[in-house]
Amino acid sequence: MYIGTDTGLSRLTHGHIYNYPETLQWPGPFFEDSQGSVWMGDFGNFTSASTLCRVGKEHLTCFGTKDGFDCMNGTSLMSEHAGSIWVGSKEGICHWQQDKQPVNFPLPYLSGPNMANNWVDALTSDGKGTLWAGIPIEGPGYGLLAFTGDRWQSYVTPELDGTSLPVTSLLCDRSSSLWIGTRSKGLYKMNAGKLDRFDTADGLSGNTINGIFQDREGNLWVVTDRGLDAFRDLPVVSYTTREGLSDDQAIAIAASDDGTVWVGTKGSLVLFRGQTFSTITPANGLPTSGVHYLFHDSRNQLWVAGGQQLYLYKDSHFVPVLDQNSADIGYVVYMTEDSKHKLWVSAQDRKTGKDSLLHIDATHVVERYRSLGAMGAQGLNAIASDQNGGLWAGGYKHGLFRFHDGNFERVAAGGFDGPVVEMAGDPDGAIWIVTKQEGMLRYKDNKARSLTSRSGLPCDSGFDIVNDHVGHHWLYMACGIVKIDDSELAHWWSDPAYYVQTTVFGLLEGAQPRRSETSPVATPDGRIWSVDRSAVQVIDPKHLPHNDTPPPVHIERIGVDHKEYPVGRDIRFPVSPHEVEIDYSALSFVVPEEVRFRYQLVGYDNAWTDSGTRRQAFYNDLGPGHNTFRVMACNNDGVWNQQGTTISFMIPPAWYQTAWFKFLCVIFAATLAYTLYQFRIRQYAAMLKARFDERIEERTRLARDLHDTLLQTIQGSKMVADNALERPSDAAHMHKALDLVSTWLERATLEGRAALNSLRSSTVDTNDLAAAFRHAAEDCRIGSTIQVSHILTGTSSDMHPIVRDEIYRIGYEAINNACVHSGGSLVTVELTYNHNVQLKIRDNGKGIEEKTLQSGKTGHFGLEGMRERADRIGAKLLVRTAPNDGTEVTLLVPGSVVFKTYRPTKRSQLLKLFAIGQDSTQHNGSGGGAHN
């Protein structure tokens, strides 16, 4: 960007300013030639140094009087082709050409009196060889000048007197129209000899024009003394009183075969032919005070309705249509022709409010149907031709009907029963029904479907529908004029779920659709005309303006956690951002409200996000890393800038998101897994060792039992037998020996059975410790007179087999020790089931010596084995003993260990603590309640 100030020239590039070293005062104006070079005048210089300057990268190359210029300074610049520059100044107009001497065209009028502040303000070329200049003074030699080949002179034609325009600005647009800005006289447009003028009465912000510019999209921008105005081509053009319409209440419209458009207004009949309006009023022949309905038939006849009367306009005369009794036919509501070109009229008697259907031949009513039959008392709001004969009729309040052979019959069009606003037929025999709030209903072959906003329409309230017969339907709706391709309608008709693609022309495109008395009409050139009760509107489907310029996209702002960051390169966000907002825009000024966007954060969004017209993107809790945000936009006609723009930013990781932290986590997880693995292996090894130790202990105990009982009995028996064999002749001695051997062998049998039972006894099958302990007591009483008492409290639950068997082995050992070694007469076995399992075995014998209780009896391992078993299952083993006061062995096994299903209560936990505390007060030895 080049900036001229009172001290010189500066250039702004990517946020950096460069000041040119040359001394200038108010440099400018500027322009860029076809080769990309930038040129400027020196507006504030009144010396001979710099009439025209080429702007370089670091310096200026200037041309002045020393180079042959008569112009002292450049106040306006223009180039009609490469290598040619025209310079306007106070002295006149000078022409510079590459490698040639300047050609000077002095304007003597500018050097006259009172011309101190006037010069050539504007220069332009129309691209066809005509050069134009403007001077902001009225009078001969001033105003608008044209170059005729060898000199500049005032432009004066019958259409335009250039000397009457104080010209301040000039521009030839892309359509070769010349725009002329003036001082205090507004803006003029000249095209093909036609002149248009715009001033504040037409909406211009001011009447003094300071500048005119056309952007790359074709918009024309006008700077006035009071504001900025924009001009652009609209798809929908309006004709009002400014263009020649007689009044601002256009109610009805019709079109003739020759292209003439007829407009009915509140006080006249207007015909538009070519580019001019002609008006027929009551003063020059219109037989009615106003026109509310127009109809052009297939015979090229125009029918005009006003008040209670209908007229045929023929040969510039109005012929009234009379009823059979020469009376007025009534207020015309609708007119149409059937398939046989009969003319039908829906009319209402305004005095009675009753509707009738009339058949008109020439200028007479030949049939009148006063009773509408199945339609009831409602009005006949719309009628249309039925290709199968007769008419379609739409009720003012509800329903679709068919009129045939003088009768009305109800048609169940898909259940539709609402008011009919308008009807129109298609060439394939289908009928379109326009509704108030239910969109457009299409009925064909007893099949009806509604085209609504759910199907792709922008709204549901309609006024009319027109088939242009070149591949489109035009829907006049409350939200605008909607264009739909026939291929889209065919797709929707075959697939009701299909979402049709439409083009909507709304207020921003010039459309102002409203309900009118007559439907839009098409002229032979394809243009569609309509009225909106105030103006005439026309749309040309063949020449719709189209914006082919994709809009440039710009990222305007980046905000992170409510803090703004500069838009540029190498943007670095804070750690762990919670909210990221990116604002973007696109430069399209045709209809900025219809610019649409889509964006994508690469690597985060899987696809493009269609944001519509919204100009912000929001992201929450983005992770660390480099990110690229892309955004593209399309203009009002759907032309996308596929390249769009991008911006990159980096989010640094938090300490817990860094690579080294993740690596440490992996190492820690691996170490933990290895530790758990080793711990589990050790557990299995300990379990295997415990099982092996148990087997060895069982073998040791079995060997001990066999040695202490069975083997000693057998050895004694052998000795008795050997003694008997020494005196075989002594019968008495032999008999006594055999009797003793028999007794001892019986004892050996019982001892062997007891040993086997101690090995085979298990509670796995019965899950009943009480029964197992009874069997153990019976075994120990063999050869003994001791008594055993059993006490059972509670009910057993399902127990873990290993823990259960360990309890049994401990109890068996304690019972056996009491029977064999206590010397008492009574053993009590008490088993209690509650939240835990408690086993108590008491005897009334001689007790255990302190030494034996602490270290066990030499060569015996019963007490030590009981303690090891208790430790293995996490149980508590307590031994209380006193001399001559017996021994009590208590085993307390936690319920969480022994029971498969365990749900302790708070009370049970307190009782458990209390019980443990109570037991711990007793003398707790480390051996079993026996002497071994």
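In this text the structure is predicted, and so the values were computed from the model without any measurement.

**Q** Provide a residue-level description of the packing of aromatic side chains, including the pertinent values.
**A** Counting across every chain of the model gives 45 aromatic pairs. Taking the centre distance of 4.9 Å and the plane angle of 75° together, the rings of Trp132 and Tyr155 count as edge-to-face. Of the two residues, Trp132 is situated in strand S13 (residues 131–135) and Tyr155 in the loop between strand S15 (152–154) and strand S16 (167–172); the sequence distance between them amounts to 23 residues. Judged by relative accessible area, which is 21%, Tyr155 ranks as partly exposed. Seen in terms of ring centroids, Tyr619 and Phe629 are 6.5 Å apart; in terms of plane orientation they differ by 80°. Their pairing is edge-to-face. With Tyr619 in strand S57 (residues 616–620) and Phe629 in strand S58 (residues 625–634), the pair connects residues that are 10 residues apart, well separated along the chain. Note on Tyr619: relative accessible area 5%, which makes it buried. Judged by its relative accessible area of 0%, Phe629 is buried. Its end group placed over the ring of Trp493, Arg442 keeps NZ or CZ at 4.9 Å from the ring centre.

**Q** Tell me about the layout of surface pockets, residues and numbers included.
**A** Here the second largest pocket is characterised by a volume of approximately 1300 Å³. Looking at the second largest pocket, it is lined by 46 residues, and the ones nearest its centre are Phe295, His296, Thr336, His469 and Pro520. If you list the elements that add at least two residues to the lining of the second largest pocket, you get strand S24 (250–255), strand S28 (293–296), strand S32 (331–337), strand S36 (380–385), strand S40 (420–425), strand S41 (431–435), strand S44 (462–467) and strand S48 (521–522). Taken together, the residues of the lining of the second largest pocket break down into 22 nonpolar, 15 polar and 9 charged.

**Q** Can you break down empty space enclosed by the protein residue by residue, with the values?
**A** Within this structure, the stated rule accounts for 5 cavities of 30 Å³ or more. In this structure, the largest cavity occupies an estimated 90 Å³ of space. Secondary structure elements with two or more residues in the lining of the largest cavity: S44 and strand S49 (528–531). Tallied by class, residues from the lining of the largest cavity come to 6 nonpolar, 5 polar and 4 charged. Reported here for the second largest cavity is a volume of approximately 60 Å³. Forming the walls of the second largest cavity are Ala770, Phe773, Arg774, His790, Ile791, Leu792, Val829 and Leu831. Looking at the lining of the second largest cavity, the elements with two or more residues in it are helix H4 (769–780), strand S60 (787–793) and strand S61 (826–833). Broken down by class, the residue content of the lining of the second largest cavity amounts to 6 nonpolar, 1 polar and 1 charged.

**Q** Any details on the pattern of salt bridges? Residues and values, ideally.
**A** One pass over the structure, following the stated rule, counts 23 salt bridges. Residue Arg197 is joined to Asp199 by a salt bridge in which the shortest nitrogen-to-oxygen separation is 2.7 Å. Overall, the relative accessible area of 35% leaves Arg197 in the partly exposed class. One salt-bridge network, held together by shared partners, links Asp426, Asp428, Arg442 and Lys444.

**Q** Which residues make up helix H7 (residues 862–872), and what values do they have?
**A** Taken together, the buried positions of H7 are occupied by Gly862, Leu863, Gly865, Met866, Arg869 and Ala870. Buried positions in H7, seen along its axis, are confined to an arc of 165° and lie on one side of it. Positive phi shows up at Gly874, right after H7, with a value of about 75°.

**Q** Before we move on, can you summarise the packing of helix H5 (residues 801–821) against H7 with the specific residues and values?
**A** The geometry of H5 relative to H7 is characterised by a closest axis approach of 9 Å and an angle of 155° between their N-to-C directions. Classified by the interaxial angle, the pair formed by H5 and H7 is roughly antiparallel. As H5 runs across H7, the sense of the crossing is left-handed. Every residue of H7 that contacts H5 at Glu806, Arg809, Ile810, Glu813, Ala814 and Asn817 is listed here: Gly862, Met866, Arg869, Ala870 and Arg872. Looking at the contact of H5 with H7 residue by residue, the class counts come to 4 nonpolar, 2 polar and 5 charged.

**Q** I'd like a rundown of the UniProt feature "transmembrane region" (unreviewed entry) in the protein chain, residues and numbers included.
**A** The residues that UniProt annotates with the feature "transmembrane region" (unreviewed entry) are residues 659–677. Its end C-alpha atoms 27 Å apart, residues 659–677 is made of 100% helix and 0% strand.

**Q** Kindly report on the state of the cysteines, identifying the contributing residues and their values.
**A** Under the definition given, this model contains 3 disulfides. Paired through a disulfide, Cys71 and Cys94 show a sulfur-sulfur distance of 2.0 Å. Between Cys71 and Cys94 the sulfur-sulfur dihedral comes to about 100°; the bridge is accordingly right-handed. With Cys71 in the loop between strand S7 (60–63) and strand S8 (76–78) and Cys94 in strand S10 (residues 92–97), this residue pair connects regions lying 23 residues apart in the sequence. Neither Cys71 nor Cys94 differs from the other in exposure class; each is buried. Across a sulfur-sulfur distance of 2.2 Å, Cys459 and Cys479 are joined as a disulfide pair. Disulfide Cys459-Cys479: the torsion about the S-S bond is -80°, which places it as left-handed. On the criterion of sequence distance, the pair formed by Cys459 in the loop between strand S43 (447–451) and S44 and Cys479 in the loop between strand S45 (472–477) and strand S46 (480–485) is long-range, its members being 20 residues apart. Taking the relative accessible area as the measure of exposure, Cys459 reaches 15% and is therefore buried.

Cut-offs applied
Residues numbered from 1 in each chain as written. Predicted model: local features only at pLDDT ≥ 70, side-chain atom pairs only at ≥ 80, totals over all residues. Heavy atoms only, no water. Phe/Tyr/Trp six-rings, centres within 6.5 Å; stacked < 30°, edge-to-face > 60°. Helix = DSSP H or I, 4+ residues; strand = E, 2+ residues; numbered from the N terminus. Buried < 20%, exposed > 50% of the residue type's maximum accessible area, 1.4 Å probe, protein only. Lys NZ or Arg CZ within 6 Å of the ring centre and 35° of its normal. 1 Å grid on protein atoms, 1.4 Å probe; cavity = no way out; pocket = protein on both sides within 12 Å on 5 of 7 lines; lining within 4 Å. Points joined across faces, edges and corners; volume = space filled by probe spheres on them. Nonpolar A, V, L, I, M, F, W, Y, C, P; charged D, E, K, R; others polar. Salt bridge = Lys/Arg side-chain N within 4 Å of Asp/Glu carboxyl O. Arc of directions from axis to C-beta. Axes fitted to C-alpha atoms, helices over the stretch in contact; angles between N-to-C directions. Parallel < 35°, antiparallel > 145°, perpendicular 65-115°, else oblique. Left-handed = near helix turned anticlockwise from the far one by under 90°. Contact = heavy atoms within 4.5 Å. UniProt positions renumbered as here; feature names shortened; annotations may be inferred. Disulfide = S-S within 2.5 Å.

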